[in-house]
Amino acid sequence: MESNYMSLSLKSITVKQLTITLILIAVASTAGIVAELNRIRQINAFNHAVSTGKNPQTDRLSYEAKFATAYWLANNDRHKEATLLFSQLTEKGSPSQRAAVHHNIGNMFFLKSLQVSGGNDPKVRDEVEYLLTQAHSSYKQALKLDNSNWGTRRNLDRVITLLPETPTPGVGESDSPGLIMGNIPVGLP
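These numbers come from a predicted model, not from an experiment.

**A look at the confidence of the model for the chain**
Note that predicted coordinates carrying low pLDDT should not be read in detail.
Okay, step 1: For the chain, mean pLDDT is 77; residues scoring 70 or higher make up 75% of the total.
Okay, step 2: Within the chain, no element has a lower average pLDDT than helix α7 (residues 179-182), which sits at 42, and none a higher one than helix α6 (residues 150-162), at 88.
Okay, step 3: Segment residues 174-189 is flagged for pLDDT under 50; beyond a separation of four residues in sequence, or across chains, it makes four contacts in the model.

**Quick word on the environment of Arg 125**
Okay, step 1: Position of Arg 125 among the secondary structure elements: in helix α5 (residues 122-145).
Okay, step 2: A relative accessible area of 47% means that Arg 125 is categorised as partly exposed.

**Details of a nonpolar patch on the surface**
Okay, step 1: A contiguous nonpolar surface patch, about 300 Å² in accessible area, is contributed by Leu 18, Leu 22 and Ile 25.
Okay, step 2: With respect to the helices and strands, the residue Leu 18 is situated in helix α1 (residues 2-52).

**Quick look at the nonpolar core**
Okay, step 1: Among the nonpolar cores identified, the biggest contains 23 residues, and Phe 86 and Val 159 are the most heavily contacted of them.
Okay, step 2: For this core, the elements supplying multiple residues, two or more each, are α2 (63-75), α3 (79-89), α4 (95-115), α5 and α6.
Okay, step 3: With six residues, the single largest contributor to this core is α5.
Okay, step 4: Once you skip the residues sitting within four places of it in the chain, Phe 86 turns out to touch Phe 67, Ala 70, Tyr 71, Val 101, Asn 104, Ile 105 and Met 108.

**Looking at the pattern of salt bridges**
Okay, step 1: Tallied over the entire structure, the rule returns one salt bridge.
Okay, step 2: One salt bridge connects Glu 81 with Arg 78, and the closest N-O pair in it is separated by 3.8 Å.
Okay, step 3: Look at Arg 78 and you get partly exposed, because its relative accessible area is 38%.

**Describing α2**
Okay, step 1: Taking 1.5 Å as the rise per residue, α2 with 13 residues should run 18 Å; its terminal C-alpha atoms sit 18 Å apart, in good agreement.
Okay, step 2: The complete set of buried residues in α2 reads Tyr 63, Ala 65, Ala 68, Ala 70, Leu 73 and Ala 74.
Okay, step 3: Of the residues one or two after α2, Asp 77 is the one with positive phi, at around 60°.

**Focus on the side chain of Ser 138**
Okay, step 1: In this structure, Ser 138 sits in helix α5.
Okay, step 2: Owing to a relative accessible area of 9%, Ser 138 belongs among the buried residues under this scheme.
Okay, step 3: Beyond its immediate chain neighbours, meaning those up to four positions away, Ser 138 contacts His 102, Ile 105, Gly 106 and Phe 109.

**What about the packing of α3 against α4?**
Okay, step 1: Orientation of α3 relative to α4, taken along the N-to-C sense of each, is 160°, at an axis distance of 9 Å. Regarding the angle of α3 to α4, the classification is roughly antiparallel. In this structure, α3 crosses over α4, and the sense of that crossing is left-handed. Residues His 79, Ala 82, Thr 83, Phe 86, Ser 87 and Leu 89 of α3 pack against Arg 98, Val 101, Asn 104, Ile 105 and Met 108 of α4.
Okay, step 2: Of the residues in the contact of α3 with α4, the class split is six nonpolar, four polar and one charged.

**Observations regarding the packing of aromatic side chains**
Okay, step 1: Applying the stated criterion across every chain yields a total of two aromatic pairs.
Okay, step 2: Ring centres 6.5 Å apart and planes at 10° place the aromatic pair Phe 67 and Tyr 71 in the stacked group. You can see Phe 67 and its partner Tyr 71 sitting in helix α2, four residues apart, about one turn around the helix.
Okay, step 3: With relative accessibility at 21%, the residue Phe 67 sits in the partly exposed group.
Okay, step 4: Plain terms: the ring middles of Phe 67 and Phe 86 are 5.4 Å apart, the flat faces sit at 65° to each other, and that makes the pair edge-to-face. With Phe 67 in helix α2 and Phe 86 in helix α3, this residue pair connects regions lying 19 residues apart in the sequence.
Okay, step 5: Here the aromatic residues Phe 67, Tyr 71 and Phe 86 are joined through ring pairs into a cluster of three or more.
Okay, step 6: In this structure, Arg 153 is placed above the aromatic ring of Trp 150, and the distance from its NZ or CZ to the ring centre is 4.2 Å.

Procedures and definitions
- Think of each chain on its own: its residues are numbered from 1, step by step along the sequence as written.
- Given that the model is predicted, a residue must reach a pLDDT of at least 70 before its local features are reported, and side-chain atom pairs must reach 80 or more before they are shown or counted; all residues, however, enter totals for whole chains, interfaces and linings.
- The basis for every side-chain value is the complete set of heavy atoms in the structure, and neither hydrogens nor water enter the calculation.
- Here pLDDT means the predictor's own confidence in every residue, given as a number from 0 to 100.
- Helical segments are the DSSP runs of H or I of at least four residues, strand segments are the runs of E of at least two, and each set is numbered from the N terminus.
- Only heavy atoms enter the contact rule, under which two residues are in contact if any of them lie within 4.5 Å.
- Residue burial is assigned from relative accessible area. The probe radius is 1.4 Å, only protein chains are included, and a residue is buried under 20% of its type maximum, exposed over 50%, and partly exposed in between.
- Patch construction takes residues with relative accessible area above 30% that form no salt bridge. Like charges are linked within 9 Å, and nonpolar side chains (Val, Leu, Ile, Met, Phe, Trp, Tyr) are linked within 5 Å.
- Note on areas: these come from Shrake-Rupley sampling with a 1.4 Å probe, and a residue is covered only by the protein chains present in the view.
- For this analysis, a salt bridge means a side-chain nitrogen from Lys or Arg found within 4 Å of a carboxyl oxygen belonging to Asp or Glu.
- To define a nonpolar core, start from buried Ala, Val, Leu, Ile, Met, Phe, Trp, Tyr and Cys residues and group those joined through side-chain atoms within 4.5 Å.
- Expected span of a helix: the number of residues minus one, times 1.5 Å.
- The axes are straight lines fitted to the C-alpha atoms, using for helices just the contacting stretch, and the angles between their N-to-C directions are given from 0 to 180°.
- Each angle gets one of four labels, with under 35 degrees taken as roughly parallel, over 145 as roughly antiparallel, 65 to 115 as roughly perpendicular, and the rest as oblique.
- Rotating anticlockwise by less than a right angle from the far helix to the near helix defines a left-handed crossing, while the corresponding clockwise rotation defines a right-handed one.
- For this classification, the nonpolar set comprises Ala, Val, Leu, Ile, Met, Phe, Trp, Tyr, Cys and Pro, the charged set comprises Asp, Glu, Lys and Arg, and every other residue, Gly included, is treated as polar.
- Any two rings among Phe, Tyr and Trp, with Trp reduced to its six-membered ring, count as a pair given centres within 6.5 Å; such a pair is stacked if its planes are under 30 degrees apart, edge-to-face if over 60, and tilted if neither.
- Counting as a charge over the ring demands two things of the Lys NZ or Arg CZ atom: a distance within 6 Å of the ring centre and an angle within 35 degrees of the ring normal.

Given below as structure tokens:
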């Protein structure tokens, strides 16, 4: 009789352990589902805030939030602030994210160069050339990071066709600075 009682006791402990284990699994699963639903709600709120041009309430310090804010600033002609935010992002993220940042910086310079007008005024011409040179540099950097973006390639081609064949000395980043560096005597620190 005692052996039957002992075997029943072991079976009831096993059943109790199994029940407790299943209850713990159910509680953990429910907690996981609630956490995932909350995260989906946060993502939807983030996407809605970004699409309407507002600052997101969640993930404020994330790469995506900074990128979205910089993009919104650029679209609202606040190029200096957008450039500062985009510049902070050039050191972070994956190569494709950094390429997107450089692409957008190039777009800002390119669009600004198209907006500047003034006829044959040399100052305006130099400013446009400077802006196009900066756009050229940004697009080249974007393509170095991610060569698969056809929009960047197309914009780079457009910028190249607008740039003068002989750049003005001192306007952009030139490999052969010409007159400017030619005036510095050799041997000086």
